[in-house]
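The primary structure of each chain is shown beneath.
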Amino acid sequence: MGRLFLVSLEGKIYSCKHCQAHLALVEDIVSRSFHCRHGKAYLFNKVVNVTAGIKEDRMMMTGLHTVSDIFCVGCGAIVGWKYEAAHEKAQKYKEGKIVLERFKLTGPDGSRYWASHDAHMGGSDADDA
């Protein structure tokens, strides 16, 4: 194993709640209307310090998508997923974008989001798409 080099961001940052590796900037949020099994999730244009897992097809609330889990390179925790392909025309805007689960992040003000007791336990996706 080599030395780990992490990208440091400046500004209002979302970080991994486990190792505090910088993951994304507030200004790169596309939508805060996404949901996951732990509650809220945010759609981002770009993120850093992550690696993508194996692509797989998943049925989500808005239809079939090809996605890959996203892992923090600092600690290996799954922090969200990347939309590799959308199989429905109306969902194509998600392709190449990343969803980070709010429960797995530390917010720009240092806050943590706790899992909702009534969080949806099924597929993950936007409720307004």
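Conventions adopted
- Residues numbered from 1 in each chain as written.
- Predicted model: local features only at pLDDT ≥ 70, side-chain atom pairs only at ≥ 80, totals over all residues.
- Heavy atoms only, no water.
- Buried < 20%, exposed > 50% of the residue type's maximum accessible area, 1.4 Å probe, protein only.
- Helix = DSSP H or I, 4+ residues; strand = E, 2+ residues; numbered from the N terminus.
- Pairing = 2+ DSSP bridges.

- In the nomenclature of an unreviewed UniProt entry, the protein chain corresponds to Protein yippee-like from the organism Musa troglodytarum.

Some words on the pairing of strand β8 (residues 98–101)
Then step 1. Residue alternation in β8 divides its side chains into two sets, Ile-98 and Leu-100 and Val-99 and Glu-101, and both sets are buried.
Then step 2. Bridging between strand β4 (residues 39–44) and β8 involves four bridges; their strand directions are antiparallel. The residue bridging Phe-44 from the neighbouring strand is Ile-98, located in β8.
Then step 3. Two strands pair when backbone bridges link them, and strand β7 (residues 78–86) and β8 are joined in this way by three bridges, in the antiparallel orientation. Considered in β8, the bridge of Lys-82 is made with Ile-98.

Quick word on unusual backbone geometry
Residues apart from glycine generally show negative phi values, whereas peptide bonds are mostly found in trans.
Then step 1. Its identity is not glycine, yet Gln-20 carries a phi of approximately 65°, on the positive side.
Then step 2. Structurally, Gln-20 is set in the loop between β1 (13–16) and β2 (22–25).
Then step 3. A residue is classified by how much of its surface remains accessible, and Gln-20, at 42% relative accessible area, is partly exposed.
Then step 4. Located in the positive-phi region is Asn-49, a residue other than glycine, with phi close to 60°.
Then step 5. Given a relative accessible area of 8%, Asn-49 falls into the buried group.

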